[in-house]
Amino acid sequence: MNRTPAPYDGVAVCAPVTAPYVRFSPESAHWWAGKLLRQLAQDTGFGPADIDGFCFASFSAGPDTAVGLTQHLGLTPRWLDHLPTGGASGVMALRRAARAVQCGDAEIVVCLAADTNQIDSFRHSLANFSRFSQDAVYPYGFGGPNATFALITDAFMRAFGVTREDFGKLCVAQRANAMSNPLALQRRPLSLEAYLAARPIADPVHLFDCVMPCAGAEAFIVTTPEIAKARGLAAASVLATIERHNAFPEDPVQLRAGWAMDIDQFWASAGISPADVDSLQVYDDYPVIVAMQLADLGFCKQEDVADFIRSTSFAIDGDLPLNTNGGQLSAGQAGAAGGFQNMTEGLRQILRQPLGDQVPDAEISVVSGFGLVNYDRGICTGAAALRAMK
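In this report, we go over the structure that sits alongside the text. (Residues numbered from 1 in each chain as written. Predicted model: local features only at pLDDT ≥ 70, side-chain atom pairs only at ≥ 80, totals over all residues. Heavy atoms only, no water.)

### Remarks on the overall build of the chain
Reasoning step 1: Helix and strand counts for the chain stand at 14 helices and 11 strands.
Reasoning step 2: On C-alpha atoms alone, the chain measures out to a radius of gyration of 19 Å, which is about the 21 Å that the 2.2 N^0.38 rule sets for 390 residues.
Reasoning step 3: Considered along the principal axes of its C-alpha atoms, the chain spans approximately 55 × 45 × 45 Å.
Reasoning step 4: Split into buried and exposed, the 390 residues of the chain put 57% on the buried side.
Reasoning step 5: In the chain, the share of contacts with a sequence separation of at least 24, taken over all contacts with a separation of at least 6, comes to 76%.
Reasoning step 6: Here the chain has roughly 15,600 Å² of accessible surface; of this, 52% comes from carbon and sulfur atoms.
Reasoning step 7: In the chain, which carries 28 positive and 40 negative side-chain charges, the distance between the mean positions of the two groups comes to 3 Å. (Helix = DSSP H or I, 4+ residues; strand = E, 2+ residues; numbered from the N terminus. Rg over C-alpha atoms; globule rule 2.2 N^0.38 Å. Buried < 20%, exposed > 50% of the residue type's maximum accessible area, 1.4 Å probe, protein only. Contact = heavy atoms within 4.5 Å. Areas by Shrake-Rupley, 256 points an atom, 1.4 Å probe, with all protein chains shown as cover. Lys, Arg positive; Asp, Glu negative; His and termini not counted. Charge placed at Lys NZ, Arg CZ, Asp CG, Glu CD.)

Here's what the structure looks like:
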């Protein structure tokens, strides 16, 4: 029997910050975290002595965890968390930090993700990604996200009649959105013809279906409305969140994920419906996962997802503004910071602080996370609904 989650009263989310991404970096994840913390201090006035909570996510900070980062960054928090959930970490950081603030365990929590990308770091990360990969995938000459998502993409296309043209529409829309974002790594116009003609990577996944690994960092602050107001920081309230791990393990191939298990509770707790969402920022390592979330988050039925994509404008001024900074597919994927990027962009749109163009009259953002493709599917999912405070 599930208890109804307590509301997030007394919580404010503010100060989205991005360290501009670069394709490759000789610096460490620690350096990127420090760069972002300095930028956050400049933007908000919160220095190390003010921060009493710290939540950290990274793939490349090893052997350190959040514990080591406190010393590197000069922090002395009374509340600490380290998230190993990759692309789901942004939503999960919000959930944990919000409850810490609500309970009085901390008052100013910095949620931060940082990763570097050196010339050969992605290959080394894959080599030690998970025990499942090492034992059940790599010995057969198969592995890495492109191969896994090729199988998921093929199955999704067969099950629901989604075509490469439909995935192309999502990618082209996100690229168009990225063109107003000065920090996006991919800002050249992308046509549907160019998308379809791109070289195959692991059929049916082609070049523009794949995210670009890069280096960078993202952060936001969770605090009280009173502290945000005293600092002059525009803030958002948390309407609802959900989190799920290893959903539907009986499915032979992933056609749905954890959102589908909890979405009714999500909308009921938030007190809104999909029609009320002004800005949708979903995790987008591959377009099939975007399509999957359109259904799992309740914007359409699974069997109608192809028609929904074809009939909906995902532009910044469209029917459903989607990944308005370009998402990972055009802005770049800075490791675990990719799990924070949609959170910072969702906040920016409703706080009137966008990196690029503003969604007209945006007040409500829905943000999602998806992470850790352990073997044959993504294991971790989460979502949050945010509303701008008046």
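Read on, since the account is not over.
### Details of the pairing of strand β1 (residues 12-22)
Reasoning step 1: The element β1 is extensively covered by neighbouring structure, given that 9 of its 11 residues are classed as buried.
Reasoning step 2: Pairing geometry for β1 and strand β7 (residues 215-223), over 7 bridges, is antiparallel. Its bridge partner lying in β7, A19 is registered against A217. (Pairing = 2+ DSSP bridges.)

### Section: the nonpolar core
Reasoning step 1: Counting 58 residues, the largest nonpolar core has F156, F266, L280 and F314 as the members making the most contacts within it.
Reasoning step 2: Sorting the residues of this core by element identifies α6 (145-160), α7 (164-178), β8 (235-245), α10 (259-270), α11 (287-296), α12 (305-311), β10 (364-373) and β11 (378-388) as the ones contributing at least two each.
Reasoning step 3: Apart from the residues lying within four places of it in its own chain, the contact partners of F156 are G161, V162, F167, L255, V288, A291, M292 and V305.
Reasoning step 4: In this structure, W79, C111, I316 and V359 belong to the second largest nonpolar core, which totals 42 residues. (Core = buried A, V, L, I, M, F, W, Y, C linked by side-chain atoms within 4.5 Å.)

### Some thoughts on the environment of D105
Reasoning step 1: Positionally, D105 belongs in the loop between α3 (89-103) and β4 (109-115).
Reasoning step 2: Here D105 falls in the partly exposed class, since its relative accessible area comes to 40%.
Reasoning step 3: Considering only alpha carbons, one finds D105 and G53, 52 residues apart in sequence, at a separation of 8.3 Å.
Reasoning step 4: Apart from residues lying up to four places away in sequence, D105 is in contact with R78, W79 and A100.

### Focus on the packing of aromatic side chains
Reasoning step 1: Taken as a whole, this structure holds 11 aromatic pairs when the rule is applied.
Reasoning step 2: A centroid spacing of 4.4 Å and a plane angle of 20 degrees characterise the contact between F149 and Y286, whose relative ring orientation is stacked. Remark: Y286 occurs in the loop between β9 (279-281) and α11 and F149 occurs in helix α6; sequence separation between them is 137 residues.
Reasoning step 3: The buried category is assigned to F149, whose relative accessible area is 1%.
Reasoning step 4: An angle of 65 degrees between the planes, with centres 6.4 Å apart, marks the rings of F149 and F370 as edge-to-face. (Phe/Tyr/Trp six-rings, centres within 6.5 Å; stacked < 30°, edge-to-face > 60°.)

### A few points about the environment of C210
Reasoning step 1: Structurally, C210 can be placed in the loop between β6 (205-206) and β7.
Reasoning step 2: Separated by 64 residues in the primary sequence, C210 and N146 have C-alpha atoms spaced 7.4 Å apart.
Reasoning step 3: Contact partners of C210, with chain neighbours within four places excluded, come to N146, I201, V205, D285, Y286 and L329.

### Considering the pattern of salt bridges
Reasoning step 1: Enumeration according to the criterion identifies 13 salt bridges in this entry.
Reasoning step 2: D81 is the salt-bridge partner of R96, the closest N and O atoms lying 3.6 Å from each other. Here the residue R96 occupies a position in helix α3, and D81 occupies one in strand β3 (residues 79-83), the gap between them amounting to 15 residues.
Reasoning step 3: We note a salt bridge from R310 to D166, for which the minimum N-O separation is 2.9 Å. With R310 in helix α12 and D166 in helix α7, this pair connects stretches of sequence that are 144 residues apart.
Reasoning step 4: One salt-bridge network, held together by shared partners, links D81, R95, R96 and E243. (Salt bridge = Lys/Arg side-chain N within 4 Å of Asp/Glu carboxyl O.)

### Some details on the packing of α10 against α11
Helix-helix packing is described using two parameters, namely the angle between the two axes and the distance between the axes.
Reasoning step 1: Put simply, α10 and α11 touch, their axes get as near as 9 Å, and they point 40 degrees apart. The angle between α10 and α11 places the two elements in the oblique class. Of the residues in α11, those in contact with W259, A260 and I263 of α10 are I289, M292, Q293 and D296.
Reasoning step 2: Residues belonging to the contact of α10 with α11 are distributed by class as follows: 5 nonpolar, 1 polar and 1 charged. (Axes fitted to C-alpha atoms, helices over the stretch in contact; angles between N-to-C directions. Parallel < 35°, antiparallel > 145°, perpendicular 65-115°, else oblique. Nonpolar A, V, L, I, M, F, W, Y, C, P; charged D, E, K, R; others polar.)

### A look at the packing of helix α1 (residues 29-44) against helix α2 (residues 66-73)
Reasoning step 1: Running from amino to carboxyl end, α1 crosses α2 at an angle of 55 degrees, the nearest separation of the two axes being 10 Å. Considering the angle they form, α1 stands oblique to α2. Regarding α1 and α2, the two cross each other, and that crossing is right-handed. Only L69, H72 and L73 of α2 make contact with α1, whose side of the interface consists of H30, A33, G34 and L37.
Reasoning step 2: Per-class residue counts for the contact of α1 with α2 are 4 nonpolar, 3 polar and no charged. (Left-handed = near helix turned anticlockwise from the far one by under 90°.)

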